Amino acid sequence: MSDVVLSVRDLRIAFDGVAAVRGLSFDVYEREVLAVVGESGAGKSLTARALLGMVPRGATTSGQIRLRGSDDLAALRGRRIALVPQDALSALSPVHAVGDQLAAAVRSVQRVSRRQARALAVAALDRVGIPDAGRRARAYPHEFSGGMRQRAVIAMAMVNEPDVVVADEPTTALDTERQEQVLRVLAEQREAVGAALVLVTHDMDAVRAHADRALVLYAGRLSELGPAPDVLERPRAPYTASLLASLPRYARGRRLLALPGSPPAPGALPAGCAFAARCPLAAGRCHTEEPEPADVDGRLVACHRTDDVPHPATDLFDFQEKQPA
Amino acid sequence: MSPSPLLDVRELVVRYGDFTAVDRVSFTLDAGETLALNGPSGCGKSSIALAIPQLRRPHSGEVLFEGRDLTELSERELRPLRPRMQLVFQDPYGSLSPRHRIRDAVAEPLKVQGRWNSADGPLRVAALLERVGLDPSYGDRLPHELSGGQCQRAGIARALASEPRLLILDEPVSALDPSVRAGVLNLLADLQDDLGLGYLFICHDPAVVRHFAHRVLEMRDGRLSAP
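Structural notes, computed from the coordinates.

Regarding the side chain of Q189(A)
- For Q189(A), the position within the fold is in helix 8 (residues 176–193).
- Not counting chain neighbours up to four residues away, the residues in contact with Q189(A) comprise R127(A), V128(A), I154(A) and M158(A).

The structure is reproduced here in structure tokens:
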């Protein structure tokens, strides 16, 4: 396996003493695509922000994040690690031409002339498929379509050829056709620049199509981490299985799997496994002892009952439960 | 003789100035049926959603709802019919007033339609919240105190308060996580089974459409494309 470019060790993020990310460790390898999945509130976006040294004000952070051995993430941001945000419209300044914003990103990092920065910006827009990039570089964000804006933001993240690009739900606001287009551009550019990609998403089809490995988070902790095809085909954590089982392709008749209950609120965590209250396998020490990630068939799984997860894992769940009438 | 469809849209045209957003679209929808409108952003799906209840008056064409052509009716004539066709939108927070408690949001249609009385109104609201899988205690909360899925359920409860026959669901689950989305889709399926509602289901996720809809209309550039 290739070298580690980014390493995260025991990352903890809390707000007013309430833990939102609770001891997360993982590596990102050179040139890989690591998908980070989990539902709202699992800590996906917060983790992504932490990788960029952009944790919200008021949060206390502990643990270690090292990018090529350095932990000064703010200094590396835009240079060695860059963000593709969810909302391209609010990521771009409405009062500056798109090309000028890219050129400014270049000049913030590289010692080049204005003219050279401009040329690099236009080339970057051209590479993401903005038609007539030289002319469109002078246009403002509102003159771009949603898909073009998202591609311009990808161009901006890639323009300084970083080692790691973090994409935080880059396609949530787009329709299916544009989602695929944006993911394709992101994958191509990542390949061309030679960056690793950390792809935060709740789209399991995007994970299937683009990720080398998948990191599944639940309630601020690692639930499962392993090669994406293995995790998707044969999940070893019941929570991963529940995410897959809720997809339409596993529906039984018209019924989809919808787990009862909701994730525990940060600050109201149970004593044992955070997923125990919703888990069909939970028993005994699941309710008293939080499981630590352990090696299971070449992946990390945090579950006391992982040996009892059936195959197919979707068999774990009862689909028939009706809503209250 | 077969009963007439719940909704019969004929040669519908919606224009914004010179731009034709919906170009001669025709379809029917039966009670108890889910008809999906699928297509990329800007293809005219949401324009159809607004033109059916005449929230945006179409340029031409007919919209027969329970046999009556809505395009011929005045606002006054539409008023008693509008409760029977309700909309549920994509953004669960944006479709409820941030300053109204959930119970007031659900009670509002009853009050506007003159069907509120202080004796059984609150019970009716509590029953509606339970019907969509929310504990009635959520009635005391404001929208921002609910999760996205809970908020979308509250929006559905508000739509049900009017006792509709037709729900126009404009991307009702696109903003939700997969597991939450599954719960809302199950709820909609249960409501349809129990109440015989017709659904016009606008969605751009092909997997969800294949799962949830009885029939699918593909749209592109304002027109239905051949199946």
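From this point, the narrative continues.
What to know about the pattern of salt bridges
- A complete count under the given rule lists 38 salt bridges over all chains for this structure.
- Between R49(A) and D168(A) there is a salt bridge; the shortest N-O distance is 3.9 Å. Note that R49(A) is positioned in helix 1 (residues 44–51) and D168(A) in strand 6 (residues 164–168), a separation of 119 residues in sequence.
- Take R49(A): its relative accessible area is 25%, and that puts it in the partly exposed class.
- Here D168(A) falls in the buried class, since its relative accessible area comes to 5%.
- The salt bridge involving R131(B) is made with D194(B); its shortest N-O contact spans 2.7 Å.

A look at the sheet that holds strand 1 (residues 4–15) of chain A
Residue and element names in this part refer to chain A.
- Pairing is antiparallel across the open sheet formed by 3 strands, whose spatial order is 2-1-4. Both edges of this open sheet fall to strand 2 (18–29) and strand 4 (59–67), since each of them pairs with a single strand only. Within the sheet, the average angular offset between the axes of one strand and its neighbour, ignoring direction, is 5 degrees.
- Bridge count between strand 1 and strand 2: 9 bridges; the pairing is antiparallel. When the sheet's bridge partners are listed, I13 is paired in strand 2 with V21.

Thoughts on helix 11 (residues 238–245) of chain A
- Within helix 11 of chain A, 8 of the 8 residues are buried, leaving the element largely enclosed by the surrounding structure.
- Of the residues making up helix 11 of chain A, those classed as buried are P238(A), Y239(A), T240(A), A241(A), S242(A), L243(A), L244(A) and A245(A).

Some points on the sheet that holds strand 5 (residues 68–69) of chain B
- Taken in spatial order, the 4 strands make up an open sheet running 2-1-4-5 (chain B), and their pairing is antiparallel. With partners counted over all chains shown, the strands left at the sheet margins are strand 2 (19–29) and strand 5 of chain B, one partner each.

Observations concerning the environment of L67(A)
Residues and elements named next belong to chain A.
- By secondary structure assignment, the location of L67 is in strand 4.
- Spatially, the C-alpha atom of L67 lies 34 Å from that of E177, the residues being 110 residues apart in sequence.
- The residues contacting L67, other than those within four sequence positions of it, are V5, L6, L73, L76, R80, I81 and V164.

Calculation criteria
Residues numbered from 1 in each chain as written. Chains lettered and ligands numbered in written order. Predicted model: local features only at pLDDT ≥ 70, side-chain atom pairs only at ≥ 80, totals over all residues. Heavy atoms only, no water. Helix = DSSP H or I, 4+ residues; strand = E, 2+ residues; numbered from the N terminus. Contact = heavy atoms within 4.5 Å. Salt bridge = Lys/Arg side-chain N within 4 Å of Asp/Glu carboxyl O. Buried < 20%, exposed > 50% of the residue type's maximum accessible area, 1.4 Å probe, protein only. Pairing = 2+ DSSP bridges. Axes fitted to C-alpha atoms, helices over the stretch in contact; angles between N-to-C directions.

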